[in-house]
Amino acid sequence: MLSSQYSILQVQQIIAATATIVRENNISILLTDSRQISNPVESLYFALTGRRDGHEFIAEAYNHGVRNFVVQTQPTADYPAANFLIVDDVLKALQTLAAYHRSRFNLPVIGITGSNGKTIVKEWLYQLLAGDKNIVRNSKSYNSQIGVPLSVWQIQEDNDLGIFEAGISTVNEMDALEAIIQPTIGVLTHIGSAHDEGFESRRQKMQEKLKLFKKTELLIHNYDQLLEYKADLPAITTFTWSFNFKEADLYVFSETVISKRFYLRAMYKGNEVECLIPFLDEASVENAIVCWATLLALGYSAEEVDERLEHLSAVSMRLEMKTGINDCSVIDDSYNSDIRSLEIALNFLQQQNQHKIKTLILSDIFQSGLPPQELYRQVADMVKNKRIDKFIGVGEALYQNQELFAGIQQTYFYNHTADMLRHRQEINFNNEAILIKGSRSFEFERISRALAQKAHETMLEINLNALLGNLNFYKSKLQPGVKLMAMVKAFSYGSGTFEVANILQYNKVDYLAVAYIDEGVALRQAGIMLPIMVLNPEPSAFDKLMEFNLEPEIYSFALLDKFVRYAQQNQVSQYPVHLKIDTGMHRLGFEEFELDTLCDMLMVNSYIKVQSVFSHLVASDNEAHDAFTLKQITQFKQAFEQVEQALGYTVIKHISNTSAIIRWPNAQLDMVRLGIGLYGIDAAVPDHLNGLQPIAMLKTSISQVKHIIAGDTIGYNRNGSLLKDGRIATVRIGYADGYLRAFGNGVGKMLVKGVLVPTVGNVAMDMCMIDVSAVEVKEGDEVIVFNEQQTIEDLAKQIGTIPYEILTNISQRVKRVYFYE
């Protein structure tokens, strides 16, 4: 078996280092950032020089437990029990070690390069092939001289495919990346103007990129874009695609938009083939065609590729959304600015319907390859097309080209970030969605901090991309034509209101469901236009229900009578309602013996129109109760057939909740109701089918650390103590935040620097204590309550409850921060 560990002596030999080795160690983690230490014992720290000198952080890494270092010079300070490998070039040593590691594995590797689309193509190929292959790939867009070796280092024996992207910005960079990736298959994405300034000519840039493929067995590329570079192509087999040339292996001759999807037809091996792409923008279509060509080149059938492409989901382009001052929402993308990512961010801004005013704060854009006037003309056109109401430009180039932005309702221009901050009161931010989009050098994080609402440090981070991925996972399991109702009751299971609803609306779910009328009103006021069913409508708020076009669940004769009388008094007819049938839950709903009377009433009633008839499964996730579930489904079928016969028209029928979507596909009927599965939790999903992702991370911080003598009591009622001398940390979360008292006295655990530590004593209203005797911590350090490592399900087991309760108990004073990539 090939080991993913190397002894420090092996590493010394591989990178040809002069060594000061005082202890034997095994290395499994390569570390370039002293702030990101998870397993110090097996970490090898590379003191890279560049924008910051890594040698300056050796002490910090050492204090966190790291004992193995690659350095350019031996430190003068004394670091007992530390191994130092001394090399001339630390970066080259990192790359050499990664290249050696790659050479030990005989697996196919797809190497991807280009100007644009590398990360998206890589992630989409991962989506398309992950069902068949155990894939290792770059993390996010780690495609640089540092990112590539760190990514390739992740190869393990059980991987049977690698997918790595390589990014370059100047000459003489690709050879090193090629030696590390050692691709057997090459994919060339769109070649554009990005990084043109790093090369003497476009030809020189193309020649540099093509170095990645000099030893590949196969190269997939756009036939058109390499026509003038044929002499530069390595002598290898190619698979080409084109919109214009029939000689290409995949000749795309037709493009049509069908139901907001891109339908493509092409000729391949003399036959007409097709695919449906769930995106409309030009860049996504081109990237999807690259993936189409790649899968065909790998031998997949045209029919299989079409099926897989149809279910592609959006790729991460991380944005952070949080509550801002003066009832604003702040979308923070303050470290990234190029014209393509600007468009992505503006699209996300347009999804935010909770504010009528849309605002963009934009810095100068660097490395576009375009003359400034042409670049900012394109930016201005884009901003106007997206109907931005308020534009704030920061930077000398924007200041000099401000006339291009004439026609926008409000514009402000400043030479520097500090200027903008000094004048922010004049801009008068109020009840608007604000996108902050800036190049790193402008330090737009200062603007983000100034506009964000100051709040409790305890924070619930919600990954909207993961939520969307979960939505698409369930969509992929639906029978053709089945609608989807998303449950957003109880503050979307604690995850937010309009933030979640906007994503669901944008991604075309058919219905939303809330528990009470007030929740529906809040969504309407936030710009949500989807049909909304109210599960427990209060008669006292029927006026609000009708004013905001909400659709009530009718579950009893008393409620039906009250609603009909209200409609009659207000001269309303054919108002949409949803009938609840009780097939065994015995909570709400008309029972079987009541159906004859209900049907008689419906036949003579013109004040309501039945939109749907539904019921609720009791134990759809539990195999032990499958016979009862089948009985419910059968009883429901008899009930809705009787109702439809009485009505004389068809209605939407639905009984499937989250767990039934996969376990009971024949019960999907006309619509399913997706609840907790949206948030990454579904015990009914088999492991081999589980494409769900946790969407939330609850974290807090340490407010104080105390040394405690064994036997001293801790917290209210003196319930807590340590068995031996140690340390406790007080953290900023308590039962008022939703961390229940049941977690106290060691029942609950939290993650501190990757280590699970128990609670000590009772949980108080605003804080609790944890035992950090085995972890080096300080005030301000992050503490994780739940994430992917310690899941919501884990917390539920700790106190003997269900994940629903954990999520919905998180109080409103806990700040929500939303990430969208």
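Residues numbered from 1 in each chain as written. Predicted model: local features only at pLDDT ≥ 70, side-chain atom pairs only at ≥ 80, totals over all residues. Heavy atoms only, no water.

Comments concerning the overall build of the chain
So, point 1. Summing up its helical and strand segments, the chain has 26 helices and 38 strands in all.
So, point 2. Expected size for 821 residues packed as a compact globule is a radius of gyration near 28 Å; at 30 Å, the chain falls within 12% of this value.
So, point 3. With the C-alpha coordinates of the chain rotated into their principal frame, the extents come out at 90 × 80 × 65 Å.
So, point 4. Restricting to contacts in the chain with at least 6 residues of sequence separation, those with at least 24 account for 64%.
So, point 5. Of the roughly 35800 Å² of accessible surface on the chain, 47% is carried by carbon and sulfur atoms. (Helix = DSSP H or I, 4+ residues; strand = E, 2+ residues; numbered from the N terminus. Rg over C-alpha atoms; globule rule 2.2 N^0.38 Å. Contact = heavy atoms within 4.5 Å. Areas by Shrake-Rupley, 256 points an atom, 1.4 Å probe, with all protein chains shown as cover.)

A short note on the packing of helix H1 (residues 8–15) against helix H3 (residues 90–103)
So, point 1. Direction vectors running N to C along H1 and H3 enclose 105°, while the axes themselves pass 9 Å from each other. Here H1 is positioned roughly perpendicular relative to H3, judged by the angle of their axes. Every residue of H3 that contacts H1 at Val11, Ile14 and Ile15 is listed here: Ala93, Thr96, Leu97 and Tyr100. (Axes fitted to C-alpha atoms, helices over the stretch in contact; angles between N-to-C directions. Parallel < 35°, antiparallel > 145°, perpendicular 65-115°, else oblique.)

Things to note about the side chain of Asn787
So, point 1. Within the secondary structure layout, Asn787 lies in the loop between strand E37 (782–786) and helix H25 (792–799).
So, point 2. Polar side-chain contacts of Asn787 include one of 2.8 Å to the backbone nitrogen of Gln789.
So, point 3. Once residues within four sequence positions are removed from consideration, Asn787 is found in contact with Ala696, Met697 and Leu751. (Polar contact = N/O pair within 3.5 Å; in protein donor to acceptor, adjacent residues only side chain to side chain.)

Some points on the nonpolar core
So, point 1. One finds Leu504, Leu512 and Phe786 to be the most contacted residues of the largest nonpolar core, which totals 135 residues.
So, point 2. When neighbours within four sequence positions are excluded, Phe786 is seen to be in contact with Leu460, Ala696, Met697, Leu698, Thr791, Ile792, Leu795, Ile806 and Ile810.
So, point 3. Core analysis: the next-biggest nonpolar cluster, separate from the first, contains 41 residues, Val121, Cys275, Ile277 and Ala293 among them. (Core = buried A, V, L, I, M, F, W, Y, C linked by side-chain atoms within 4.5 Å. Buried < 20%, exposed > 50% of the residue type's maximum accessible area, 1.4 Å probe, protein only.)

Some details on empty space enclosed by the protein
So, point 1. In this structure the tally under the stated criterion is 1 cavity of 30 Å³ or more.
So, point 2. Approximately 70 Å³ is the volume attributed to the largest cavity.
So, point 3. Around the largest cavity, the lining residues are Leu698, Ile733, Asp737, Gly738, Tyr739, Phe743, Phe786, Leu795, Ile806 and Ile810.
So, point 4. Looking at the lining of the largest cavity residue by residue, the classes come out as 8 nonpolar, 1 polar and 1 charged. (1 Å grid on protein atoms, 1.4 Å probe; cavity = no way out; pocket = protein on both sides within 12 Å on 5 of 7 lines; lining within 4 Å. Points joined across faces, edges and corners; volume = space filled by probe spheres on them. Nonpolar A, V, L, I, M, F, W, Y, C, P; charged D, E, K, R; others polar.)

Some details on the side chain of Glu551
So, point 1. With respect to the helices, strands and loops of the structure, Glu551 is situated in strand E27 (residues 551–554).
So, point 2. Although Glu551 is buried, it forms no salt bridge, and the closest oppositely charged side chain is Arg524 at an N-O distance of 6.1 Å.
So, point 3. Of the polar contacts made by the side chain of Glu551, one reaches the side chain of Tyr511; its length is 2.8 Å.
So, point 4. For Glu551, the side chain forms a polar contact with the side chain of His578, separated by 2.7 Å.
So, point 5. In contact with Glu551, other than residues within four places in its own chain, are Tyr511, Pro531, Ile532, Met533, Val534, Pro576, His578 and Gln611. (Lys, Arg positive; Asp, Glu negative; His and termini not counted. Salt bridge = Lys/Arg side-chain N within 4 Å of Asp/Glu carboxyl O.)

Remarks on the sheet that holds strand E7 (residues 83–86)
So, point 1. The 5 strands are arranged E2-E7-E6-E5-E4 in an open sheet whose pairing can be described as mixed. Bordering the open sheet on either side are strand E2 (18–20) and strand E4 (29–31), each of which pairs with just one other strand. Mean inter-strand twist for the sheet, computed between neighbouring axes without regard to direction, equals 20°.
So, point 2. Pairing geometry for strand E6 (residues 68–71) and E7, over 4 bridges, is parallel. Bridge pairing in E7 links Val71 to Ile86.
So, point 3. Sheet contacts for H1: E2, strand E5 (43–46), E6 and E7; angle to E7, the most-contacted strand, approximately 10°.
So, point 4. Sitting on the sheet, H3 touches E4, E5 and E6, and the angle it makes with E5 is about 145°. (Pairing = 2+ DSSP bridges.)

Regarding the environment of Lys215
So, point 1. Here Lys215 is to be found in the loop between helix H7 (202–210) and strand E12 (218–222).
So, point 2. When the C-alpha positions of Lys215 and Met485 are compared, they lie 51 Å apart, and in sequence the two are 270 residues distant.
So, point 3. Every residue in contact with Lys215, bar those within four places of it in the chain, is listed here: Glu178 and Pro183.

With respect to the pairing of E5
So, point 1. Burial along E5 is two-sided: the residues Ser43 and Tyr45 and Leu44 and Phe46 are all buried.
So, point 2. Where E4 and E5 come together, 3 bridges link them in parallel fashion. Looking across to E5, one finds that Ile29 is bridged to Ser43.
So, point 3. Where E5 meets E6, 2 bridges bridge the pair, whose relative direction is parallel. The residue bridging Tyr45 from the neighbouring strand is Phe69, located in E6.

What to know about the packing of helix H16 (residues 464–475) against helix H18 (residues 498–506)
So, point 1. The geometry of H16 relative to H18 is characterised by a closest axis approach of 11 Å and an angle of 45° between their N-to-C directions. As far as their axial angle goes, H18 and H16 are oblique. In the packing of H16 onto H18, the handedness of the crossing is right-handed. Listed contacts from H18 to Leu464, Leu467 and Leu471 of H16 are Glu499, Val500, Ile503 and Leu504.
So, point 2. When grouped by side-chain class, the residues that make up the contact of H16 with H18 number 6 nonpolar, no polar and 1 charged. (Left-handed = near helix turned anticlockwise from the far one by under 90°.)

A word on helix H22 (residues 595–603)
So, point 1. Of the positions making up H22, those classed as buried are Leu595, Leu598, Cys599 and Leu602. Down the axis, H22 shows its buried residues gathered within 100° of arc, on one side only.
So, point 2. Considering only its buried residues, H22 is in contact with helix H21 (557–569), strand E28 (575–580), strand E29 (608–614) and helix H23 (626–647). (Arc of directions from axis to C-beta.)

Notes on the packing of aromatic side chains
So, point 1. Using the criterion set out here, one finds 22 aromatic pairs in the structure.
So, point 2. Measuring from ring centre to ring centre gives 4.4 Å for Tyr739 and Phe743, while their planes differ by 10°; the resulting arrangement is stacked.
So, point 3. For Tyr739, a relative accessible area of 2% corresponds to the buried category.
So, point 4. Residue classification places Phe743 among the buried positions, given a relative accessible area of 1%.
So, point 5. Following the ring pairs from residue to residue traces out a cluster consisting of Tyr45, Tyr62, Phe69, Tyr79 and Phe84.
So, point 6. Across from the ring centre of Tyr62, 3.7 Å away, lies the NZ or CZ of Arg67, which sits over that ring. (Phe/Tyr/Trp six-rings, centres within 6.5 Å; stacked < 30°, edge-to-face > 60°. Lys NZ or Arg CZ within 6 Å of the ring centre and 35° of its normal.)

Some remarks on the pairing of E7
So, point 1. The pairing of E2 with E7 spans 3 bridges and is classified as antiparallel. Note that in E7 the partner of Thr20 across the bridge is Phe84.

Remarks on the pattern of salt bridges
So, point 1. For the coordinates displayed, the defined rule picks out 29 salt bridges.
So, point 2. For Lys322, the salt bridge goes to Asp332, with nearest N and O atoms at 3.5 Å. On the criterion of sequence distance, the pair formed by Lys322 in strand E17 (residues 319–323) and Asp332 in strand E18 (residues 329–333) is long-range, its members being 10 residues apart. A single burial state applies to Lys322 and to Asp332, both of which are buried.
So, point 3. Here Glu374 and Arg377 are joined by a salt bridge, their closest N and O atoms 2.7 Å apart.

Let's talk about the sheet that holds E12
So, point 1. In spatial order, the strands read E9-E10-E8-E11-E12-E13-E14-E15-E16; together these 9 strands make up an open sheet with mixed pairing. Two strands lie at the open edges of the sheet, namely strand E9 (135–137) and strand E16 (271–277), each paired on one side alone. Each neighbouring strand pair of the sheet contributes to a mean axis angle of 20°, computed without reference to strand direction.
So, point 2. Relative to E16, strand E15 (residues 261–268) is paired through 7 bridges, and the arrangement is antiparallel. Bridge assignment links Met267 to a residue of E16, and that residue is Glu272.

A few points about the environment of Thr237
So, point 1. Mapped onto the elements, Thr237 comes out in strand E13 (residues 237–242).
So, point 2. The spacing of Thr237 and Ile185 is 52 residues in sequence and 9.8 Å in space, taken between C-alpha atoms.
So, point 3. Not counting chain neighbours up to four residues away, the residues in contact with Thr237 comprise Glu217, Leu218 and Leu219.

Looking at unusual backbone geometry
So, point 1. Phi at Gln571 takes a positive value of approximately 55°, unusual for a residue other than glycine.
So, point 2. Considering the arrangement of structural elements, one finds Gln571 in the loop between H21 and E28.
So, point 3. The class of Gln571 is exposed, set by a relative accessible area of 75%.
So, point 4. Non-glycine residue Gln574 carries a positive phi angle of around 55°.
So, point 5. Locating Gln574 in the fold gives a position in the loop between H21 and E28.

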